Amino acid sequence: MLPFGSKIESLCRLQQAQLFTEELGGGIELEMVVIPAQEKSKTYIPERSMPGRDFHSPESKILVGKYPITQAQWKAVSCLPKFDRVLPKSPSKFKGKDLPVENISLYDAIEFCKRLSTEFKRNYRLPTESEWEYACQAGATTKFNFGDTISPEYANFLDGKLGSKSKSTTPVGHFPYPNLFGLYDMHGNVYEWCLEQSVDWLKIHEADITLPAEDRQRLIGVIRGGSWRDLSVGCNSSHFRRREPEEKSDFIGFRVVCSA
């Protein structure tokens, strides 16, 4: 039995998922999934409502990475011409081409998106918090996109009480349970960098982030989704942590969004 309810219904919905593949070179692909906008007749209400945090679903379709960015994808894009800053070629603590890239800062993730956008003439960027949460939930109203409980069968996290004794990241797609939009690893494995809802991506894209901090727009990084070293509570869809944009940790990665 799949963790997200009716097996037949889930498979039918996944078969309707629209995929787009970007060829990064050297046989490396970036798979993107079309995420539908919320129907106007419905209202998206996240589990968590906080003053000053205005969450809403995308007003139009966006494409979201099927998986977190892998080390193979990172290596391919880090070899593209520099935009603002030098990117480390092999930053991750845990090595493996299909493992999620980690040990990168928010600024590194933004540079990755800029290089990707420039090379392929598309608008690649980091998701906002509401985009990430909407994509993660995929219409579910439970704590996780597969229900209100989590187990080591469904995600990579660290919680001895639930029998999970994770010591490292796992290859993306290792757990064969995508959500109903067709996205994998939205819970656990690595936290994913997001931008606060109020951040203007166009200003970031145009900004020179090599400038001293006092001379550029101040960014606040937000990480979502939990990680291999987090308790189950840190992996639920509404959990978030603010982080300094320079921080690099072996439990923080990211996935990309593409919009028109």
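What you are looking at is a predicted structure, and each value in this text was computed from that prediction instead of being measured. (Residues numbered from 1 in each chain as written. Predicted model: local features only at pLDDT ≥ 70, side-chain atom pairs only at ≥ 80, totals over all residues. Heavy atoms only, no water.)

### Re the sheet that holds strand β8 (residues 221–224)
- As summarised here, the arrangement of the 4 strands in space is β9-β8-β7-β10, forming an open sheet in which the pairing is mixed. Edge positions in the sheet fall to β9 (240–243) and β10 (252–253), since each of these pairs with one other strand and no more.
- Bridging between strand β7 (residues 191–195) and β8 involves 4 bridges; their strand directions are antiparallel. When the sheet's bridge partners are listed, glutamate 192 is paired in β8 with arginine 224. (Pairing = 2+ DSSP bridges. Helix = DSSP H or I, 4+ residues; strand = E, 2+ residues; numbered from the N terminus.)

### Here's the deal with the packing of aromatic side chains
- Overall, the coordinates contain 10 aromatic pairs when judged by the stated rule.
- Each ring, one from tyrosine 191 and one from phenylalanine 251, has its centre 6.1 Å from the other, and the planes form 65°; the classification is edge-to-face. Taken together, the residues tyrosine 191 in strand β7 and phenylalanine 251 in the loop between β9 and β10 connect sequence positions 60 residues apart. Grouping residues by exposure puts tyrosine 191 and phenylalanine 251 together as buried. (Phe/Tyr/Trp six-rings, centres within 6.5 Å; stacked < 30°, edge-to-face > 60°. Buried < 20%, exposed > 50% of the residue type's maximum accessible area, 1.4 Å probe, protein only.)

### Brief notes about the packing of helix α2 (residues 71–78) against helix α3 (residues 106–120)
- Interaxial distance between α2 and α3 falls to 10 Å at its minimum, and their mutual angle equals 65°. Handedness of the α2/α3 crossing: left-handed. Here α2 contributes Gln73, Trp74, Val77 and Ser78 to the contact with α3, which in turn contributes Asp108, Phe112, Arg115 and Leu116. (Axes fitted to C-alpha atoms, helices over the stretch in contact; angles between N-to-C directions. Left-handed = near helix turned anticlockwise from the far one by under 90°. Contact = heavy atoms within 4.5 Å.)

### Remarks on the confidence of the model for the chain
- Per-residue confidence for the chain averages 83 on the pLDDT scale, and 76% of its residues sit at or above 70.
- This stretch, residues 1–15, has a pLDDT under 50; its non-local contacts, to residues over four places away or in other chains, come to 21 contacts.
- Confidence over residues 40–55 falls short of pLDDT 50; this stretch has 31 contacts with residues more than four positions distant or in other chains. (pLDDT = per-residue confidence, 0-100.)

### Topic: empty space enclosed by the protein
- Scanning the model with the defined rule gives 2 cavities of 30 Å³ or more in all.
- The calculated volume of the largest cavity comes to roughly 110 Å³.
- As for the largest cavity, its lining consists of 14 residues, and the residues nearest its centre are Tyr154, Tyr177, Asp185, Met186 and His187.
- Tallied by class, the residues present in the lining of the largest cavity amount to 9 nonpolar, 4 polar and 1 charged. (1 Å grid on protein atoms, 1.4 Å probe; cavity = no way out; pocket = protein on both sides within 12 Å on 5 of 7 lines; lining within 4 Å. Points joined across faces, edges and corners; volume = space filled by probe spheres on them. Nonpolar A, V, L, I, M, F, W, Y, C, P; charged D, E, K, R; others polar.)

### Examining unusual backbone geometry
- Even without a glycine there, the phi angle at asparagine 103 is positive, about 65°.
- Turning to its location among the elements, asparagine 103 is positioned in the loop between α2 and α3.
- Even without glycine at this site, lysine 121 takes up a positive phi of about 55°.
- Within the fold, lysine 121 resides in the loop between α3 and β4 (123–125).
- Lysine 121 sits in the exposed class, given a relative accessible area of 69%.

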